[in-house]
Amino acid sequence: MELFSENTIRRLDSLGRISIPKGLRNRYWIDPNDELEFYSLRYNGRDYICLTKAGMSVEKQKCE
């Protein structure tokens, strides 16, 4: 598993929303109205939130 820091911090708004930085959206071809699927991961005692485009398997995402 590789974990990359984006050196970006975002704050949740009062409705629990967060914006995804444009650089990440461009890098992973995330377009307006795309559906994203959330996963949680616990690794080495830390918790992470992961996303993928809905309907795509995690294995397929790794190959792209």
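The structure we're discussing is the one just above.
Definitions and limits used
Residues numbered from 1 in each chain as written. Predicted model: local features only at pLDDT ≥ 70, side-chain atom pairs only at ≥ 80, totals over all residues. Heavy atoms only, no water. Salt bridge = Lys/Arg side-chain N within 4 Å of Asp/Glu carboxyl O. Helix = DSSP H or I, 4+ residues; strand = E, 2+ residues; numbered from the N terminus. Buried < 20%, exposed > 50% of the residue type's maximum accessible area, 1.4 Å probe, protein only. Pairing = 2+ DSSP bridges. Contact = heavy atoms within 4.5 Å. Patch = residues over 30% accessible without salt bridge, like charges linked within 9 Å, V, L, I, M, F, W, Y side chains within 5 Å. Areas by Shrake-Rupley, 256 points an atom, 1.4 Å probe, with all protein chains shown as cover.

**Q** Kindly report on the pattern of salt bridges, identifying the contributing residues and their values.
**A** For side chains of opposite charge, pairing can occur when their charged atoms come near one another. On inspection of all chains with the given rule, the structure shows four salt bridges. Across the pair Glu-6 and Arg-27 runs a salt bridge, and its minimum N-O distance is 2.9 Å. In this pair, Glu-6 is assigned in the segment before helix 1 (22-27) and Arg-27 in helix 1, connecting sequence segments 21 residues apart. Note on Arg-27: relative accessible area 41%, which makes it partly exposed. For Asp-47, the salt bridge is made with Arg-42, and the minimal N-O distance between the two is 2.7 Å. One exposure class covers both Asp-47 and Arg-42, and it is exposed.

**Q** Tell me about the pairing of strand 1 (residues 36-43), and please be specific about residues and values.
**A** Relative to strand 2 (residues 46-53), strand 1 is paired through eight bridges, and the arrangement is antiparallel. Residue pairing for strand 2: Leu-41 is matched across the bridge by Tyr-48. Adjacent in sequence and paired antiparallel, strand 1 and strand 2 are bridged by two residues, among which Asn-44 carries a positive phi angle near 50°.

**Q** Any details on the environment of Phe-38? Residues and values, ideally.
**A** Relative to the assigned elements, Phe-38 resides in strand 1. Among the residues examined, Phe-38 registers a relative accessible area of 57% and is labelled exposed. Distance in space between the C-alpha atoms of Phe-38 and Ile-49 is 6.9 Å, their sequence separation being 11 residues. Dropping the residues within four chain positions of it, Phe-38 is found in contact with Ile-49, Cys-50 and Leu-51.

**Q** Go over a nonpolar patch on the surface, please, and point to the residues and values.
**A** A grouping of Met-1, Leu-3 and Tyr-43 is seen on the molecular surface, where their side chains present a nonpolar patch of about 350 Å² in accessible area. Mapped onto the secondary structure, Met-1 falls in the segment before helix 1. For Met-1, a relative accessible area of 60% puts it in the exposed group.

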